Amino acid sequence: MFARIYFIYMKSFSQSLAILASSLGLLSINAIIALPAHASIVCGSGTISNYQNGSLASCILDQDTTVQVSHSNTGTANFYCQAKKLISFDDKGQFQSCYLYQEIQIRKDNLVETCPTQYRVSILASTKGIESISCSPY
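Residues numbered from 1 in each chain as written. Predicted model: local features only at pLDDT ≥ 70, side-chain atom pairs only at ≥ 80, totals over all residues. Heavy atoms only, no water.

Engineer: Teacher, can you tell me more about the layout of surface pockets here?
Structural biologist: Vacant regions in the atomic arrangement are exposed by a probe of water-molecule size rolled over the atoms. Put simply, the largest pocket is a space of about 430 Å³. Looking at the largest pocket, it is lined by 22 residues, and the ones nearest its centre are Q68, V69, G93, Q94 and F95. Elements that contribute at least two residues to the lining of the largest pocket include exactly β3 (65–71), β9 (120–126) and β10 (129–136). Element by element, the count of residues in the lining of the largest pocket is highest for β3, at 7 residues. Grouping the amino acids of the lining of the largest pocket by side-chain chemistry returns 10 nonpolar, 12 polar and no charged. Its boundaries defined by the atoms lining it, the second largest pocket holds a volume of some 300 Å³. Along the walls of the second largest pocket sit 16 residues, with A77, Q105, I106, R107 and I133 positioned nearest its centre. With 6 residues, the top contributor of residues to the lining of the second largest pocket is strand β4 (residues 75–81). When the residues that make up the lining of the second largest pocket are grouped by side-chain class, the tally is 7 nonpolar, 6 polar and 3 charged. (1 Å grid on protein atoms, 1.4 Å probe; cavity = no way out; pocket = protein on both sides within 12 Å on 5 of 7 lines; lining within 4 Å. Points joined across faces, edges and corners; volume = space filled by probe spheres on them. Helix = DSSP H or I, 4+ residues; strand = E, 2+ residues; numbered from the N terminus. Nonpolar A, V, L, I, M, F, W, Y, C, P; charged D, E, K, R; others polar.)

Below you can see the structure in the form of structure tokens.
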């Protein structure tokens, strides 16, 4: 009798565990698919400048921030934006420029340029992807 109750309990427990695991799996997949893709940056108090449409124009970053720009035609680029420095966006909310806390390499045709830390990196993007990336000390 004890063995039969134990078997029923274990079978019931196993079924419940399987249902729970399946549910959690579906919830996880749903969360991954359903979450909107929004970037979040932390701006210093009183440093925010907005466009007339309300989108962020620029601010002074409160912490180091990695900005990832990706496009299906041109791939993905990471920009390592430095805390206590300016970051800027266009009026559509697309990343435009920041000062680097980590150097990056910029590929232009067959040439590779290194943009060092504390330099300003700027991008020009269009619907076709990243058109150009420039690097300057100011």
